[in-house]
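What follows is the residue order along each chain.
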Amino acid sequence: MTQYTPQDKVPLPPADAKVFTTACDYCIVACGYKAYVWPEGTEGGPKANENALGLNFPTGVLGGWVSPNQHNIVSVDGRPHHAVVVPDFQSTVVNKGGNHSIRGGTLALKCYNANGPTKDRLQYPQIRVNGKLTPVDWDTALEVMAAVSKHVLEKYGESAWAMKTYSYEFWENTYAITKLAFGAIGTPAFSVHDKPSMGSDTGGVDDAGIITFSASYQDWAEADVLFISGTDPFETKTIVFTSWIMGGPKLIYALPRRTAGVAYAEANGGLFLQVTPGTDTLLHLAINRIILENGWEDKEFVEKWIASSWDVDAGMGRGPRNTPWQWRTTWGQFSADYESYKKWLLEYEPAQLENAAKVTGVPTEKIRQAAEMLTGAGSSRPKASFAFEKGNYWSNNYLNTASFAAMGLLCGAGNRPGQVISRMGGHQRGWMGGPGYPMDKSPEKLPGRRKIQLDLDRWTAAGNVRFVWVVGTTWTAAMAASQELANSFRKLTVENPNQIKSTNKQDIINALIARVDSGGMVVVDSDIYPVEPINTEFADIVLPAAAWGEHDATRANGERRLRLYSKFYDPPGEAKPDWWAIAKFAKKMGFSGWDWENDNDVFEEAARFSRGGVLDYYALVWYARNNGLRGHEVLRELGTQGIQTPIRWVNGKMEGTARLHDSTLQLDSPQGPTVHAKWLTHFDSHSGKALLLKSPWELWSDFYERVTPDPAKGEFWLSTGRINEIWQSAFDDVRKPYIKQRWPDTWVEIHPDDAAQYGIESGDVVRMFSDDIQVQTGGWVRVKGYKFTDLVKAGHIQSGKGEAIAVAIVSEDVRPGALFTNFLHPASPANSLVHRVPDPFANVHRFKLGKAQIEKIGESPYKKSLDEMTFKPRTVTFTG
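All figures in this text were calculated on a predicted structure; none of them were measured in a lab. (Residues numbered from 1 in each chain as written. Predicted model: local features only at pLDDT ≥ 70, side-chain atom pairs only at ≥ 80, totals over all residues. Heavy atoms only, no water.)

1. Focus: the overall build of the protein
- Secondary structure summary: the protein contains 28 helices and 29 strands in total.
- For 880 residues, the compact-globule formula gives about 29 Å, and the C-alpha radius of gyration of the protein, at 26 Å, lands near that figure.
- The C-alpha extent of the protein, read off along each of the three principal axes, is 70 × 70 × 65 Å.
- A burial count over the protein gives 65% of its 880 residues as buried.
- Looking at the protein alone, contacts between residues at least 24 apart form 75% of all its contacts between residues at least 6 apart.
- Accessible surface, the protein as shown: approximately 30,200 Å² in total, 48% of it carbon and sulfur.
- Charge centroids of the protein, computed over 93 positive and 99 negative side chains, lie 2 Å from each other. (Helix = DSSP H or I, 4+ residues; strand = E, 2+ residues; numbered from the N terminus. Rg over C-alpha atoms; globule rule 2.2 N^0.38 Å. Buried < 20%, exposed > 50% of the residue type's maximum accessible area, 1.4 Å probe, protein only. Contact = heavy atoms within 4.5 Å. Areas by Shrake-Rupley, 256 points an atom, 1.4 Å probe, with all protein chains shown as cover. Lys, Arg positive; Asp, Glu negative; His and termini not counted. Charge placed at Lys NZ, Arg CZ, Asp CG, Glu CD.)

Structure below.
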């Protein structure tokens, strides 16, 4: 690779440049940005009155400026224009003063430039003819899709027609997706990008009555102690860390790997609990037990806000018992009031301190210290908050989240400023569902005739899907046992004898219908780039999508702050927003109600489905309509500050909501279109009280024992995660020379003792592999048992294979016997080494519990070069 050389000059936007407000496209924080656009041939001057930034250049240290990575050339109305994308230097919310991460600081480089690294953007609809993608017009592509879809629905039913989509790429798109899939089609064969079903990622927290994005960023700043489970916000939500956490609370981290955030915590009076992968439940239970043994729980809070025995006897205040969260919270193995929870935990042997320390790998003194820090150990009680993410719920999903919620509740957290229990987030909150998931049509049931959302991965691998529309996700590379899933796709698509041989539309339709009727599958993929293998190999039809900056769109961030992401340049070729493609397809199918003319039409229609929900923005649209305005224009006026949902109408104006379950929030009678949900000031249960749920280790222990690596066989735990500079699958980052030079390849961290045993040094190329990847098959209607052992006895578990190639980094930040790697790098996705046996209660994958052997297979070019990549530790100690 040629060494990256930055530009030595960047044009300033002239005073008359057009200015658009937007937010970062990447992590959950969604920092506020401004895009300055102007025609080529002019530029601004260094004086404040000569440039659109209104700044005198050069500016002071950390003042507003434009870096080479914040400039690009784009097309506006078919003409070349400069585009500068910089943080909002005047921001008073989210990224105060223009703070930003390296991800957001390179946003301009993601814009389409025909003469730059993004020139491979998909620009035209294509159909695979004789194995090669061939451009066609939109009508042809959509008519083929409609003809095949009608055949599938008529002959095989709704569950044979599937969608696999993102959950984050703007409300306009996800509303259109759900209106099609759940409303018009009525299919249960549906899941979003990061899970196999529509089950909850955070079932235990949900069932406790806690809405998972209930906190504001101010709550993290106001806490005295912050327990962070399964994530490092410095690496993954950088501005929440640097603007809202640093210099604030003492931090307790529960992670299997030492990180930069951990280094900060330890240098600033915090604590690191280096937990063995998959054992968080026992860590939480041990802390809870110490709290209860010593009487350190918040007794006043417990008395007022925890469900009583009466609430439990009445169904834990959750109502009927015919949905997953309802039967879970009324099931004897989980349900409890305070007294029965306390009795259970104090008698529960796996939660004993010595046992928990042995299994989790966290020393007894550190577990006790965590309990003391969270409660004050009988002296002045600190304000404790609890933040969690994927390392928590992508391992032992239900039990981890239930025990985590119980820990927070015992400490009096959940409904007060600075005392909250909340997710920190991954993607932005771009899901705006219309019609609900058709649970009644799901063919999957647990014992007791308990319906759950369908596992689309398993359903597809079993050959039950005949047509699938994939929207903006890598799917086969991203899901658990990804190599096995890709093999299933290959058999159902390119290895089926019925392939398209002609460009004639009817011949195309006939070939695809013949494949469907022979047991094969037709794949449509909507995306912005070529993505291996989903659209480079498997897809029969590929549709080009318009992306961030190419159409007006909306979504919320991790504190439910809604902003408009403005269009400021042209999409490439014939690329269209996904809502547009879906609407055109729906009309080809003969469905009515799809006559949207623009993004705002979709936004305003979706508003009624938000009403009464966490992301309620109906009051904004109501206000716009009553004043002859468009909803998007009202948001445009709010700029990068936006407004926090749910939006309420109070005394003649819109008012945002800082936090949910807020016992300090004073509400008068609802005004205008406002709906006051009970959970605004109470917990999300019928009684308004939170629920303590038991989390029995034995419901999980058989699976955990089966997948625990055997050192005698050279097996390691393989965990995955994000790293600061890279977003997701690096789909943009591999096209940013600045980032590409820093991380030109994927990597894996290995402890020095393990590296020495296998003759591995930093910079070596290694192969991670396993032929013992557990894969669940069939078993749509389970009669007995929820445990892994029950699946084995029923013949629903088989062993598969997986492998990934990476560059080794020898590091003491991982514990012996464990590996840590980038979770979704396109060069070699590591999820092929993750078991495909979903959590039985949530039906979501356990991505953090991979298993692999390792061997050196060569040396990378980075081992002896200083031009690219570095193997130095990231855990630099710094203070706030």
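2. What about the environment of Gly850?
- Within the secondary structure, Gly850 is located in strand β29 (residues 850–859).
- Take Gly850: its relative accessible area is 0%, and that puts it in the buried class.
- Those residues in contact with Gly850 that sit more than four places away from it in its chain are Phe716, Trp717, Leu718, Leu833 and Val834.

3. What about empty space enclosed by the protein?
- Summed over all chains, the structure comprises seven cavities of 30 Å³ or more.
- As a volume, the largest cavity reaches approximately 70 Å³.
- As for the largest cavity, its lining consists of 14 residues, of which Tyr786, Lys787, Phe788, Pro840 and Arg846 are closest to the centre.
- When contributions to the lining of the largest cavity are tallied by element, the ones reaching two or more residues are α25 (701–707) and α28 (788–793).
- In the lining of the largest cavity, the residues fall into nine nonpolar, one polar and four charged. (1 Å grid on protein atoms, 1.4 Å probe; cavity = no way out; pocket = protein on both sides within 12 Å on 5 of 7 lines; lining within 4 Å. Points joined across faces, edges and corners; volume = space filled by probe spheres on them. Nonpolar A, V, L, I, M, F, W, Y, C, P; charged D, E, K, R; others polar.)

4. Concerning the pattern of salt bridges
- Counting across every chain of the model gives 47 salt bridges.
- The closest approach of N and O atoms between Glu158 and Lys441, which form a salt bridge, is 3.2 Å. You can see Glu158 sitting in the loop between α1 (138–156) and β7 (161–165) and its partner Lys441 sitting in the loop between β13 (421–423) and β14 (445–446), a full 283 residues away along the chain.
- Close ionic contact of Asp552 with Arg636 constitutes a salt bridge, the shortest N to O distance being 3.0 Å. In this pair, Asp552 is assigned in the loop between β18 (541–544) and β19 (553–556) and Arg636 in helix α24 (residues 631–638), connecting sequence segments 84 residues apart.
- Judged by its relative accessible area of 25%, Arg636 is partly exposed.
- Several salt bridges converge on common partners, so that one network encompasses Asp25, Lys110, Glu169, Arg555 and Asp732. (Salt bridge = Lys/Arg side-chain N within 4 Å of Asp/Glu carboxyl O.)

5. Here's the deal with the sheet that holds strand β2 (residues 32–39)
- The four strands lie next to each other as β1-β2-β4-β3, forming an open sheet whose pairing is antiparallel. Strands at the two margins of the open sheet, each flanked by one partner only, are β1 (18–23) and β3 (71–76). Averaged over neighbouring strand pairs, the angle between their axes works out to 35° when direction is ignored.
- When β1 meets β2, the two strands line up antiparallel, connected through six bridges. Residue Thr22 lies in a different strand from β2, and its bridge partner there is Tyr33. (Pairing = 2+ DSSP bridges. Axes fitted to C-alpha atoms, helices over the stretch in contact; angles between N-to-C directions.)

6. What about the side chain of Ser770?
- Within the secondary structure layout, Ser770 lies in strand β26 (residues 764–776).
- Note on Ser770: relative accessible area 7%, which makes it buried.
- Separated by 3.0 Å, the side chain of Ser770 and the backbone nitrogen of Asp772 make a polar contact.
- Setting aside residues up to four positions removed in sequence, Ser770 forms contacts with Gly800, Lys801, Gly802, Leu833, Lys851 and Ala852. (Polar contact = N/O pair within 3.5 Å; in protein donor to acceptor, adjacent residues only side chain to side chain.)

7. Some thoughts on the domain arrangement of the protein
- Examined at the domain level, the protein breaks down into domain 1 (18–110), domain 2 (126–194 + 430–565), domain 3 (203–426), domain 4 (599–678) and domain 5 (709–863).
- A straight line from the C-alpha centre of domain 1 to that of domain 3 covers 39 Å.
- Surface buried jointly by domain 1 and domain 3 totals about 950 Å² across both partners, of which 59% is contributed by carbon and sulfur atoms.
- Linking domain 1 to domain 3 there are zero salt bridges.
- Taken together, the links from domain 1 to domain 3 amount to six residue pairs in polar contact (both at pLDDT 80 or more).
- Of the residues assigned to the side of domain 1 that touches domain 3, the class counts are six nonpolar, four polar and two charged. (Domains from an automatic or database assignment. Buried area = accessible area lost by both parts, 1.4 Å probe.)

8. Observations concerning the confidence of the model for the protein
- Here the protein averages 95 in pLDDT, and 97% of its residues register 70 or above.
- Here residues 316–322 scores under 50 on pLDDT; set against residues more than four positions off or in separate chains, the count is 28 contacts. (pLDDT = per-residue confidence, 0-100.)

9. Points about the sheet that holds strand β27 (residues 797–810)
- The strand order β24-β28-β25-β27-β26-β29 describes a closed barrel built from six strands, whose pairing is mixed. Taking each pair of neighbouring strands and ignoring which way they run, the sheet shows an average axis angle of 45°.
- The pairing of strand β25 (residues 747–750) with β27 spans four bridges and is classified as parallel. Of the residues in β27, the one forming a bridge with Trp747 is Val807.

10. Comments concerning the nonpolar core
- Among the nonpolar cores identified, the biggest contains 178 residues, and Ile287 and Trp469 are the most heavily contacted of them.
- No other element matches helix α16 (residues 397–410), which puts nine residues into this core.
- Among residues more than four places away in sequence, those in contact with Ile287 are Phe227, Leu273, Ile367, Ala370, Ala371, Leu374 and Met407.
- Residues Ala23, Tyr33, Ile239 and Met424 belong to the second largest nonpolar core, which totals 52 residues. (Core = buried A, V, L, I, M, F, W, Y, C linked by side-chain atoms within 4.5 Å.)

11. So, the environment of Phe683
- Inspection of the secondary structure assignment puts Phe683 in the loop between β23 (653–655) and α25.
- On a C-alpha basis, the gap between Phe683 and His661 in space is 5.3 Å, while along the polypeptide they are 22 residues apart.
- Not counting residues up to four positions away in its chain, the partners in contact with Phe683 are Gly209, Ile210, Phe301, Trp305, Leu409, Ala413, Gly414, Asn415, His661, Gly688, Lys689 and Ala690.

12. Focus: the side chain of Arg782
- Relative to the helices and strands, Arg782 is located in the loop between β26 and α28.
- It is Asp790 that comes nearest to the buried, bridge-free Arg782 among opposite-charge side chains, at 5.3 Å.
- From its side chain, Arg782 meets the backbone oxygen of Gly785 in a polar contact 3.2 Å long.
- Arg782 has contacts with Lys445, Leu446, Pro447, Gln776, Lys787, Leu791 and Pro840, leaving out every residue within four places of it along the chain.

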